Amino acid sequence: MRVVVDHNLCEGNGRCVEVAAKVFELRDDERSYVLIEKPPQEMRAKVELAVSLCPRQAIRVIED
């Protein structure tokens, strides 16, 4: 899987960072950024939770 954040949609709510801080970070521009583009499979549940919690639906998981 590959994780992508659409910065045109992201408002920097930080919900993704709350549940998956190893995968996402909130930067000074108030946008979330992906730290691990291809996280290990054992992080899938946290990534999927981050996707579901994003109020702007700015996070996507792309299956490789």
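Figured I'd write up the structure that's included with this text. What you see is a predicted model, and the numbers here were worked out from it, not measured in a lab. (Residues numbered from 1 in each chain as written. Predicted model: local features only at pLDDT ≥ 70, side-chain atom pairs only at ≥ 80, totals over all residues. Heavy atoms only, no water.)

1. Considering the overall build of the protein
So, point 1. The helix and strand inventory of the protein stands at two helices and four strands.
So, point 2. Counting from the amino terminus, the protein carries its helices and strands in the arrangement β-α-β-β-α-β.
So, point 3. Here the C-alpha atoms of the protein give a radius of gyration of 10 Å, agreeing with the 11 Å that 2.2 N^0.38 yields for 64 residues.
So, point 4. Along the first, second and third principal axes, the C-alpha set of the protein runs to 30 × 20 × 15 Å.
So, point 5. Here the protein, with 64 residues, has 31% of them falling under the buried criterion.
So, point 6. Look at the contacts in the protein between residues 6 or more apart in sequence, and 57% of them connect residues 24 or more apart.
So, point 7. Accessible area of the protein: about 4,200 Å², with a carbon and sulfur share of 45%. (Helix = DSSP H or I, 4+ residues; strand = E, 2+ residues; numbered from the N terminus. Rg over C-alpha atoms; globule rule 2.2 N^0.38 Å. Buried < 20%, exposed > 50% of the residue type's maximum accessible area, 1.4 Å probe, protein only. Contact = heavy atoms within 4.5 Å. Areas by Shrake-Rupley, 256 points an atom, 1.4 Å probe, with all protein chains shown as cover.)

2. Quick look at the nonpolar core
As a rule of thumb, nonpolar side chains are buried together in soluble globular proteins.
So, point 1. Counting 13 residues, the largest nonpolar core has Val3, Val5, Cys16, Val23, Phe24, Ala50 and Ile59 as the members making the most contacts within it.
So, point 2. Contributing elements (two or more residues each) for this core: strand E1 (2–5) and helix H2 (44–53).
So, point 3. Not counting residues up to four positions away in its chain, the partners in contact with Ala50 are Cys16, Val19, Phe24 and Ile59. (Core = buried A, V, L, I, M, F, W, Y, C linked by side-chain atoms within 4.5 Å.)

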